[in-house]
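Reading the structure
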Number of protein chains: 2
Amino acid sequence: MSGTAPRLEDSPKRTQIMDAAAALFIAQGYGAVSMDAIAKAAAVSKATLYAHFRSKDALFATIIREACQSNLTFGAFETHGADTRAALLELGGRMLRFLLEDRALAIHRVVMAESVRFPELGRAFYENGPRTSCGLFAGWLKAQADAGRLRLSDPLRAAEQFFGMLKGSAWGRAALGVPPAPNEAEIDATVASAVEVFLRAYGT
Amino acid sequence: MSGTAPRLEDSPKRTQIMDAAAALFIAQGYGAVSMDAIAKAAAVSKATLYAHFRSKDALFATIIREACQSNLTFGAFETHGADTRAALLELGGRMLRFLLEDRALAIHRVVMAESVRFPELGRAFYENGPRTSCGLFAGWLKAQADAGRLRLSDPLRAAEQFFGMLKGSAWGRAALGVPPAPNEAEIDATVASAVEVFLRAYGT
DNA sequence: GTCTATAGGCCGATAGAC
DNA sequence: GTCTATCGGCCTATAGAC
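Residues numbered from 1 in each chain as written. Chains lettered and ligands numbered in written order. Predicted model: local features only at pLDDT ≥ 70, side-chain atom pairs only at ≥ 80, totals over all residues. Heavy atoms only, no water.

Observations concerning the environment of H108 of chain B
Using the following cut-off: Secondary structure elements are defined from DSSP: runs of H or I of at least 4 residues count as helices, runs of E of at least 2 residues count as strands, and each element is numbered from the N terminus. It only takes one pair of heavy atoms within 4.5 Å for two residues to be counted as in contact.
Topologically, H108 of chain B is positioned in helix 6 (residues 102-114). Ignoring sequence-local partners within four residues, the contact set of H108 of chain B consists of M112 of chain A together with F125 and W171 of chain B.

With respect to the domain arrangement of chain A
Residue and element names in this part refer to chain A. Let me state the cut-off plainly: Segmentation of the chain into domains, including their bounds, is taken from an automatic or database domain assignment. Put simply, buried area is how much 1.4 Å-probe accessible surface two parts lose in total, over both of them, once they are put together. Just to be clear on terms, a salt bridge is a Lys or Arg side-chain nitrogen sitting within 4 Å of an Asp or Glu carboxyl oxygen.
When its domains are assigned, chain A resolves into domain 1 (9-54) and domain 2 (56-202). Computed over C-alpha atoms only, the centres of domain 1 and domain 2 are separated by 30 Å. Listed as interface residues are 15 residues of domain 1 and, on the opposing side, 17 residues of domain 2. Between domain 1 and domain 2 the total buried area reaches about 1400 Å² when both faces are included, carbon and sulfur atoms providing 78% of it. At the junction of domain 1 and domain 2, the tally comes to 0 salt bridges. Contributions of two or more residues to the side of domain 1 that touches domain 2 are made by helix 1 (12-28) and helix 2 (35-42). Here the side of domain 1 that touches domain 2 gets 6 residues from one element, more than from any other, and that element is helix 1.

Here we look at the packing of aromatic side chains
Put simply, the test is: Stacked, tilted and edge-to-face pairs are distinguished by plane angle, under 30 degrees for stacked and over 60 for edge-to-face with tilted covering the rest, among Phe, Tyr and Trp rings (Trp via its six-membered ring) whose centres lie within 6.5 Å. Here, over-ring charges are defined by two tests on the NZ atom of lysine or the CZ atom of arginine: distance to the ring centre within 6 Å, and angle to the ring normal within 35 degrees.
Enumeration over the complete set of coordinates arrives at 22 aromatic pairs over all chains. Its guanidinium or amino end placed over the ring of W171 of chain B, K167 of chain B lies 4.3 Å from that ring's centre, counting from NZ or CZ.

Here we look at the protein's contact with DNA strand C
Under the convention used in this document: Each residue is tested against the molecule or strand, and it is near if at least one of its non-hydrogen atoms lies within 4 Å. In protein, a polar contact means a hydrogen-donor-capable atom and an acceptor-capable atom, both N or O and within 3.5 Å, with residues adjacent in sequence counting only if both atoms are side-chain atoms; elsewhere, any N or O pair within 3.5 Å suffices. Residue polarity follows a fixed list, in which Ala, Val, Leu, Ile, Met, Phe, Trp, Tyr, Cys and Pro are nonpolar, Asp, Glu, Lys and Arg are charged, and the others, Gly among them, are polar.
Lining the immediate environment of DNA strand C, one finds 15 residues, of which M35, K46 and Y50 of chain A together with A47 and T48 of chain B sit closest. Sugar plus phosphate, as a fraction of atoms of DNA strand C within 4 Å of the protein: 60%. Side-chain polar atom of K46 of chain A to a base nitrogen of DNA strand C: 2.5 Å apart, as the coordinates give it. The contact in question runs from a phosphate oxygen of DNA strand C to an N or O atom on the backbone of K56 of chain A, over 2.9 Å. Listed by contribution, the elements that provide at least two residues to the surface near DNA strand C are helix 3 (46-52) of chain A together with helix 3 (46-52) of chain B. The class makeup of the residues in the surface near DNA strand C is 7 nonpolar, 5 polar and 3 charged.

Overview of the relation of the copies chain B and chain A
Stated precisely, the cut-off is as follows: We place the copies in one frame by least squares, fitting the C-alpha atoms of every residue whose pLDDT is at least 70 in both.
Superposition of chain B onto chain A requires a rotation of 180 degrees combined with a translation of 0.0 Å along the rotation axis, giving an RMSD of 0.1 Å. This pairing of chains is accounted for by a two-fold axis. Distance from the rotation axis, computed per C-alpha, reaches its smallest value in chain B at G164 of chain B: 2.1 Å. Most of the interface of chain B is mirrored in chain A, where 100% of its interface residues again form contacts.

Comments concerning helix 5 (residues 84-99) of chain B
All names here are of chain B. As a reminder, the rule being used: The span one expects for a helix is its residue count, reduced by one, times 1.5 Å. Using a 1.4 Å probe on the protein chains alone, a residue whose accessible area is under 20% of its type maximum counts as buried, one over 50% counts as exposed, and one in between counts as partly exposed.
Over its 16 residues, helix 5 runs 22 Å from end to end, which matches the ideal 22 Å to within 8%, given 1.5 Å per residue. Within helix 5, the full set of buried residues consists of T84, A87, L88, L91, G92, G93, M95, L96, F98 and L99. The secondary structure elements touched by the buried residues of helix 5 are helix 6, helix 7 (119-146), helix 8 (155-175) and helix 9 (184-202). Its side-chain oxygen at 3.0 Å from the backbone nitrogen of R85, D83 defines the N-terminal cap of helix 5.

Topic: the interface of chain B and chain A
Accessible area lost upon the coming together of the parts serves often as the stated size of an interface. On the side of chain A, 31 residues touch chain B, which itself brings 31 residues to the contact. Note on chain B versus chain A: buried area summed over both sides is about 3100 Å², and carbon and sulfur give 68% of it. Three residues stand out in chain B for area buried against chain A, namely M112, Y126 and L176 of chain B, and they jointly supply 22% of the buried area on that side. There are 8 residue pairs in polar contact (both at pLDDT 80 or more) connecting chain B and chain A. Put simply, the parts of the chain that give the side of chain B that touches chain A at least two residues each are helix 6, helix 7, helix 8 and helix 9 of chain B. Tallying contributions element by element places helix 8 of chain B first for the side of chain B that touches chain A, with 9 residues. For the side of chain B that touches chain A, a count of residues per class yields 16 nonpolar, 9 polar and 6 charged.

What about the state of the cysteines?
Residues and elements named next belong to chain A. Quick note on the threshold: Defined by distance alone, a disulfide is two cysteine sulfur atoms within 2.5 Å.
One pass over the full model with this rule turns up 0 disulfides over all chains. Free of any disulfide, C68 has its nearest cysteine sulfur in C134, 16 Å distant. Given a relative accessible area of 0%, C68 falls into the buried group.

Details of the side chain of S193 of chain A
By secondary structure assignment, the location of S193 of chain A is in helix 9 (residues 184-202). Since its relative accessible area comes to 15%, S193 of chain A is described here as buried.

Here we look at the pattern of salt bridges
Scanning the entire structure with this criterion turns up 22 salt bridges over all chains. Among the salt bridges present, the one from E184 of chain B reaches R97 of chain B, with a minimum N-O distance of 2.7 Å. Of this pair, E184 of chain B sits in helix 9 while R97 of chain B sits in helix 5, and the two are 87 residues apart along the sequence. Judged by relative accessible area, R97 of chain B falls into the partly exposed class, the value being 29%. Taken together, the shared-partner salt bridges connect R97, E184 and D188 of chain A into one network.

What follows is the structure in structure tokens.
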């Protein structure tokens with residue numbers, strides 16, 4: 001080992017390829033993106049592309065797997081004071097706004113579409129996205145329940161129900177590209193109504 | 001007009017093409033299916049295929065549009081007696097089982113994936129699927145409310161919340177192909193819990 | 001309308017020079 | 001590692017016989 005040679009993973013060309021491929025695959029999906037298009041967008045030759053990635057399949061799987069391992073959960077759950085309703089409103093608002101971001105919607109579309117041919121990607125997305133978020137939220141709910149501010153026996157199910165109500169029609173429409181895009185008022189109203197139902201069912 | 005000549009739409013070859021193309025497109029998506037594969041599966045030549053459909057795009061749009069115009073809602077809402085809870089359990093169970101069918105999941109995947117390139121398909125799916133089901137269910141909820149068996153001010157939102165809770169994690173997992181496939185016990189438990197939350201929030 | 005045969009192009013992947 | 005140039009194949013779509 002010479003010790004100072006840059007590793008393959010850090011080469012600038014590889015970064016260019018990863019960035020370009022991520023943008024294209026996430027925006028357009030597997031089938032609609034050619035290796036020529038990726039090489040052109042990354043400003044490298046196709047041969048360089050194949051020097052770094054064995055095949056189009058391997059490149060796609062690497063890109064999407066990495067996209068699934070970051071930025072798929074919507075932030076922290078810390079410090080929401082003693083007001084459970086206010087905390088739910090804040091958490092719900094952040095969650096729904098995250099789910100409605102273009103990038104999150106696009107990744108969801110691509111992974112769902114290709115989960116048949118690339119089952120590992122469906123699993124990676126599920127574990128790092130919905131399951132992690134739900135698990136964290138369920139933990140928060142359990143803490144609230146232990147503190148006597150909620151009354152529930154199955155925190156994970158309650159978390160899933162809350163997220164399900166949040167998504168409602170706004171997310172379904174956005175995921176299918178059906179206008180109008182949800183506006184702030186619709187998002188706030190959806191969150192507020194979900195919190196209301198949740199507290200009527202699980203509040204003390 | 002000779003009067004007895006079979007119309008193009010009724011030709012047996014066309015039926016073969018539509019059936020084969022529907023099966024392939026719904027199962028594998030737009031990009032993964034070639035016109036050769038459709039012709040072979042339909043037992044016709046490619047030239048015949050192009051005699052009936054201008055292009056692959058047009059064939060795909062026709063197939064998916066038709067798939068969106070039928071079999072995307074889960075049945076009728078009639079005659080559920082006076083017991084609101086029992087009715088919700090029955091409706092919820094039918095709805096969730098319908099959403100978990102292979103065909104419904106596959107159409108959802110294909111439409112969501114191609115809704116960027118074929119915006120009309122996203123809209124057709126949304127209108128004929130979720131929106132129609134939600135609207136019908138909201139009407140049923142309103143009737144229950146008018147009869148004094150529920151207390152809610154926004155039937156459509158309540159319908160969306162109920163459907164959102166139904167989907168929960170079982171549907172998310174199934175749509176991404178993540179094992180284990182939901183079993184009957186999980187489905188029943190999900191429905192029962194959603195009905196419980198719904199009635200605590202909106203029951204009388 | 002339906003077929004066989006093929007045009008014409010783009011695709012994924014590679015050879016070989018440097 | 002990176003390039004230019006190219007291969008072989010599959011793709012969409014069509015020409016022409018019947």
